[in-house]
Amino acid sequence: MSSTVETEFKPLLDQSVGYGVVVGVGFFFAALMLVLTTLQAKFSKFSPSSSEEFTSASRSVKPGLVCCGIVSAWTWSATLLQSSTAAYTFGVSGPWWYGVGGTIQLAIFAMVAAKVKMNANGAHTFLEIVKARFGTGAHLLFTFYAFLCILVVCGSLLLGGAATVNALTGMNIIAACFLLPIGIAVYVVFGGLRATFICDYAHTLILFVIIYVFFGEVYGSSKEVGSIGALYDLLVQAGKDAPVVGNQNGSYVTMKSNQGLVFGAATILSGFSGVFCDQGYWQRAIASAPRSTTKAYMLGGLSWFAVPWAFASCLGLAARALVTNPKFPTFPNPLSPSQTSAGLAAPAAAAVVMGRGGAIAILLVVFMAVTSAVSAELIAVSSLFAYDLYRTYLRPKATSAEIVRVSHYFICFWAVWAGCWSTILHKASIDLGWLFYVQGVVLSPAVIPIALTVTWSKLTRAGVFCGCIIGAVLGMLAWMIGCWKIYGEINVPNLAQPYSAVCSGLTGLLFSGLITVFVSLAKPAKYDFSGTRAIAIYDDDASTAETASDRDQGESGSSSPMAMEKSSRSEKEGAEVVVVETGIGKQEAVSRAELKVVFKRAAWYSLALTVAVAILVPIPMFFSHYVFSKGFYTFWVACTIIWAAMSGIWCMILPLWESRAEIMIIVRGIFMRK
């Protein structure tokens, strides 16, 4: 059968183009970020030579730029490629469920972000919060999960990006795996977290512009498709030629998709672990201004939803519709399972509708996704090493300058190691699709314990250990048994099948949560978060700074003399006022009642959004077995276009408007110097 025949994916571009983009564009952005960082240091109070500025952007980033950073950091290569694969495989349900699987986690994390500002505003990493509350054992346990998460994420990013560059240009995959992180490491080393935010803005701008270009080509000017109605007709025919097992009438234009629903469950599990276990998202919560943290995550979740939904609904479905087109890269055969798992549906569609221009656009947008997300991971992993390993266990009295220097060294090390790690995975025949499904398997047992650490006062150390360890064991058992019972054999490909992943991820997530809660309630703690609130911002006068190791007080709630003095002083001044640090040498008084209102607002928002996107829209269409008419499909596509347009305008305009005063200061400094 043709579906089992693999035809080589014919590159449309020369290898030189691949090397030019990976090396040339990468170092261009590095140079641009270096110039911007230099201007910032010269004309503003922020300098990346300070550890606070380098790792947490002085906790002063406005919500528009945080929103943009969230969209950019959460737009992995998998966001573009795996969502398109889901559309190509399952139909219209795939992009929707991928969007749901990433958006509701960001919405729920908005609640956690509010609690971070309320209970641990001085923290640099989520592991510091764990250390201050539960001590060394829990800190080491979650350190394992934090580094495991970054390994999975970096592997996913680099393998997806390298596979796309290889398919479009023929560039060697191993070379791409090593070269992709190098240029990124340059501007991260020199600019720190704020440089990644600025780069995120540039990447998000390019991302949305290219999405709009594909809208115009696929739904408008392309001869191969040319209109929404023509695409609908092609998809209807595709449902007859290659019907989807488990879809209503085998159609690609229905939300009644059994495989799509399972994919949605796997995506939600993968998304929870990808957000809550990833220091990159905690870092953005830490970096934002206290009053705007939740707002930033709300806007980020809504804006990000448009990326996989709109992009994959356009290119993923176009790939399925154009399989029989002679211009299709693997014509006369569809994409093979390995090509599909590598995420080549979107590049195939772009090659058909735009030729070399489409290949360049996909190459650029995937490169942007990889660089923005990898930059977030580099600054995150360097913070974990500098604060949670180096300063906690090696040099507790490390100065601010030492922390920045160690962060620089570790960023360079991790950029090289990420290339080695992705090469190991490639040689082991592990690809983007495998890592996407397995992410929820290996990380889900830590999600609920991590979230409860900063939000629930009754959580105990025993609850954390029992939940994580027993949940992980049960998850592994469910993974193996589920794979064996459903697919008949335990092997590497079957372990990453959707049903195997859901069996394990759901077991690990639910049982770890239940065990954590019940063990904690058996002998609940009465933690007042005084220890986590006493985590100090690391001023340049590091000799007097308080370290996490000074406060290894566990659950007792006791803290160091410095912390107790600070706490008592705050209580004398007013128990309902929280003094939060918003930058080096700056403080802002925010009432605890105000922060509680922010948390409640985030709770209602996350509940409403989750119910809307996960239940109200897809579930009625699933159980009604509705197959889209041409009119409803046109309405569906129009919604994707409108949502993407609003998200793009929001991400492009809001950061500029919020930073207009700072931009004018820099402009005046450049052009009005005497």
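Here the residue numbers are simple positions, counted from 1 along each chain's written sequence. Reporting of local features is limited, given that this is a predicted model, to residues whose pLDDT is at least 70; pairs of side-chain atoms are given and counted only at 80 or more, and all residues count toward the totals for whole chains, interfaces and linings. Side-chain calculation: all heavy atoms of the structure are included, whereas hydrogens and water are not.

Rule in force here: UniProt positions are given in the numbering used here, feature names are shortened, and annotations may be inferred rather than shown by experiment.
Identification of the protein chain as Na+/solute symporter from Lentinus tigrinus ALCF2SS1-6 is taken from an unreviewed UniProt entry. For the record of the protein chain, the UniProt heading Sequence similarities (unreviewed entry) holds the text "Belongs to the sodium:solute symporter (SSF) (TC 2.A.21) family."

A word on the overall build of the protein chain
Where we set the bar: Working definition: helices are DSSP H or I runs of at least four residues, strands are E runs of at least two. Numbering for both runs from the N terminus. For every residue, the accessible area obtained with a 1.4 Å probe (protein chains only) is divided by the maximum for its type, and the residue is called buried under 20%, exposed over 50%, and partly exposed between those limits. Residue contacts follow a heavy-atom distance rule, with two residues in contact if any of their heavy atoms lie within 4.5 Å. A 1.4 Å probe and the Shrake-Rupley method give the accessible areas. Residues count as covered only by the protein chains that appear here.
Along its length, the protein chain carries 27 helices and two strands. A burial count over the protein chain gives 61% of its 674 residues as buried. Within the protein chain, counting contacts between residues at least 6 apart in sequence, those at least 24 apart form 83% of the total. In the form shown here, the protein chain has an accessible surface area of approximately 23700 Å², with 69% of it arising from carbon and sulfur atoms.

Brief notes about the packing of aromatic side chains
Definition in use: Here a Phe, Tyr or Trp ring, Trp counted by its six-membered ring, pairs with any other such ring whose centre lies within 6.5 Å, and the pair is stacked when the planes are under 30 degrees apart, edge-to-face when over 60, and tilted otherwise. In this scheme, Lys NZ or Arg CZ marks a charge over a ring once it lies within 6 Å of the ring centre and within 35 degrees of the ring normal.
Overall, the coordinates contain 40 aromatic pairs when judged by the stated rule. When the centroid spacing of 5.5 Å and the interplanar angle of 45 degrees are considered together, the rings of F90 and F263 count as tilted. On the criterion of sequence distance, the pair formed by F90 in helix α4 (residues 77–90) and F263 in helix α10 (residues 258–276) is long-range, its members being 173 residues apart. Using a relative accessible area of 7% as the deciding quantity, one classes F90 as buried. Seen in terms of ring centroids, F109 and F276 are 5.3 Å apart; in terms of plane orientation they differ by 80 degrees. Their pairing is edge-to-face. Note that F109 is positioned in helix α5 (residues 93–119) and F276 in helix α10, a separation of 167 residues in sequence. For the pair formed by F109 and F276, the shared burial category is buried. One residue, R320, lies across the ring of Y88, its end atom 4.0 Å from the ring centre.

What to know about helix α12 (residues 293–321)
Put simply, the test is: In a helix, the anticipated span is given by 1.5 Å times the number of residues less one. Across the chain, bend at a residue is computed as the angle between axes fitted to the seven residues ending at that point and the seven starting from it.
Its 29 residues give α12 an end-to-end C-alpha distance of 42 Å, which sits within 8% of 42 Å, the value for a rise of 1.5 Å per residue. Along α12, the helix axis deviates most sharply at A312, where the bend reaches about 35 degrees.

Details of the side chain of S647
Quick note on the threshold: Polar contacts, as used here, are pairs of N or O atoms within 3.5 Å; protein pairs need one atom able to donate a hydrogen and one able to accept it. Residues neighboring in sequence count only if both atoms are side-chain atoms.
One can find S647 in helix α26 (residues 630–658). Reaching out from S647, the side chain makes a polar contact with the backbone oxygen of S303 at a distance of 3.4 Å. Those residues in contact with S647, other than ones at most four positions away along the chain, are F208, L302, S303 and A306.

Some points on a nonpolar patch on the surface
Basically, it comes down to this: Patches in this entry comprise residues that are over 30% relatively accessible and not in a salt bridge; like charges within 9 Å are linked, as are nonpolar side chains (Val, Leu, Ile, Met, Phe, Trp, Tyr) within 5 Å. Note on definitions: salt bridges are taken to be side-chain nitrogens of Lys or Arg within 4 Å of carboxyl oxygens of Asp or Glu.
Together, I469, V473, L477, M480, I481, W484 and I490 make up a nonpolar patch on the protein surface, roughly 640 Å² of accessible area in all. For I490, the location among the structural elements is in the loop between α19 (461–487) and α20 (492–495). Here I490 falls in the partly exposed class, since its relative accessible area comes to 44%.

Considerations on the nonpolar core
Put simply, the test is: We define the nonpolar core as a collection of buried residues of types Ala, Val, Leu, Ile, Met, Phe, Trp, Tyr and Cys that are connected through side-chain atoms lying within 4.5 Å of one another.
One finds I362, W414 and Y633 to be the most contacted residues of the largest nonpolar core, which totals 201 residues. Of all the elements, helix α8 (residues 173–221) adds the most residues to this core, at 21 residues. When near neighbours in sequence (up to four residues on either side) are disregarded, Y633 contacts V92, I228, L231, Y232, L235, V253, L317 and F628. Listed in part, the six residues of the second largest apolar core include Y390, A398, I403 and V406.

Notes on helix α6 (residues 126–134)
Side chains that are three or four residues apart share a direction in an α-helix, a result of its 3.6 residues per turn. With nine of nine residues buried, α6 lies mostly within the body of the structure. Those residues of α6 lying buried are F126, L127, E128, I129, V130, K131, A132, R133 and F134. At the exit of α6 stands G135, carrying a positive phi of roughly 90 degrees.

Describing the pattern of salt bridges
Scanning the model with the defined rule gives four salt bridges in all. A salt bridge links R391 to E128, with the nearest nitrogen and oxygen atoms 3.2 Å apart. Here R391 is found in helix α15 (residues 356–394), whereas its partner E128 is found in helix α6, with 263 residues between them in sequence. Residue R391 is classed as buried on the basis of its relative accessible area of 2%.

Structural notes on the confidence of the model for the protein chain
Put simply, the rule reads: Each residue carries a pLDDT score, the predictor's own confidence in it, on a scale running from 0 to 100.
Chain-level statistics for the protein chain give a pLDDT mean of 82 and a share of 83% at 70 or above. Counting contacts from residues 540–575, a segment whose pLDDT is below 50, to residues more than four positions away or on other chains yields 63 contacts. Confidence drops under pLDDT 50 across residues 580–586; counting only partners more than four residues distant or on other chains, this segment forms 24 contacts.

Some points on the layout of surface pockets
The cut-off we apply is this: We place a 1 Å grid over just the protein atoms. Points where a 1.4 Å probe fits but has no way out form a cavity, open points with protein on both sides within 12 Å along at least 5 of 7 lines form a pocket, and any residue with an atom within 4 Å of a point lines it. Grid points are joined across faces, edges and corners, and a volume is the space filled by probe spheres set on the points. The residue classification treats Ala, Val, Leu, Ile, Met, Phe, Trp, Tyr, Cys and Pro as nonpolar and Asp, Glu, Lys and Arg as charged. All others, Gly included, are polar.
Volume-wise, the largest pocket comes out at about 1300 Å³. Forming the boundary of the largest pocket are 43 residues, of which Y88, T89, S336, P337 and T340 lie nearest the centre. Every element with two or more residues in the lining of the largest pocket is listed here: α4, α9 (228–241), α10, α12, α13 (337–341), α17 (432–443), α20 and α21 (498–522). For the lining of the largest pocket, the per-class residue count stands at 26 nonpolar, 14 polar and three charged.

Observations concerning the packing of α4 against α12
Spelled out, the test is: Here an axis means a line fitted to C-alpha atoms, over the contact stretch when the element is a helix, while the angle between two N-to-C directions is reported on a 0 to 180 degree scale. In these notes the angle categories are as follows: under 35 degrees is roughly parallel, over 145 is roughly antiparallel, 65 to 115 is roughly perpendicular, and the rest is oblique. Crossing handedness follows the turn of the near helix against the far one: under a right angle anticlockwise gives a left-handed crossing, and clockwise gives a right-handed one.
Taken N-terminus to C-terminus, the directions of α4 and α12 make an angle of 50 degrees; their axes are 7 Å apart at the nearest point. In terms of their interaxial angle, α4 and α12 are classed as oblique. The two elements α4 and α12 meet at a crossing, and its hand is right-handed. Residues T79, L80, S83, S84, A87 and Y88 of α4 form the contact with α12, whose own contacting residues are W304, V307, P308, F311, A312, G316, L317, A319 and R320. Of the residues belonging to the contact of α4 with α12, the class tally is ten nonpolar, four polar and one charged.

Section: the side chain of Q279
Along the chain, Q279 turns up in helix α11 (residues 279–287). By relative accessible area, Q279 is classed as buried at 0%. Aside from chain neighbours lying at most four places away, what touches Q279 is H124, T125, F126, A380 and L384.

Points about empty space enclosed by the protein
Scanning all chains against the criterion turns up three cavities of 30 Å³ or more. Its boundaries defined by the atoms lining it, the largest cavity holds a volume of some 110 Å³. Forming the walls of the largest cavity are W74, W76, T79, Y98, G101, G102, T267, S270, G271, W304, F436 and Q439. For the lining of the largest cavity, the secondary-structure elements that each account for two or more residues are α5, α10 and α17. By residue class, the composition of the lining of the largest cavity is five nonpolar, seven polar and no charged.

Topic: the state of the cysteines
As a reminder of what qualifies: Put simply, a disulfide is two cysteine sulfurs that come within 2.5 Å.
In this structure the tally under the stated criterion is zero disulfides. Left without a disulfide partner, C149 is nearest to the cysteine sulfur of C277, which lies 5.6 Å away.

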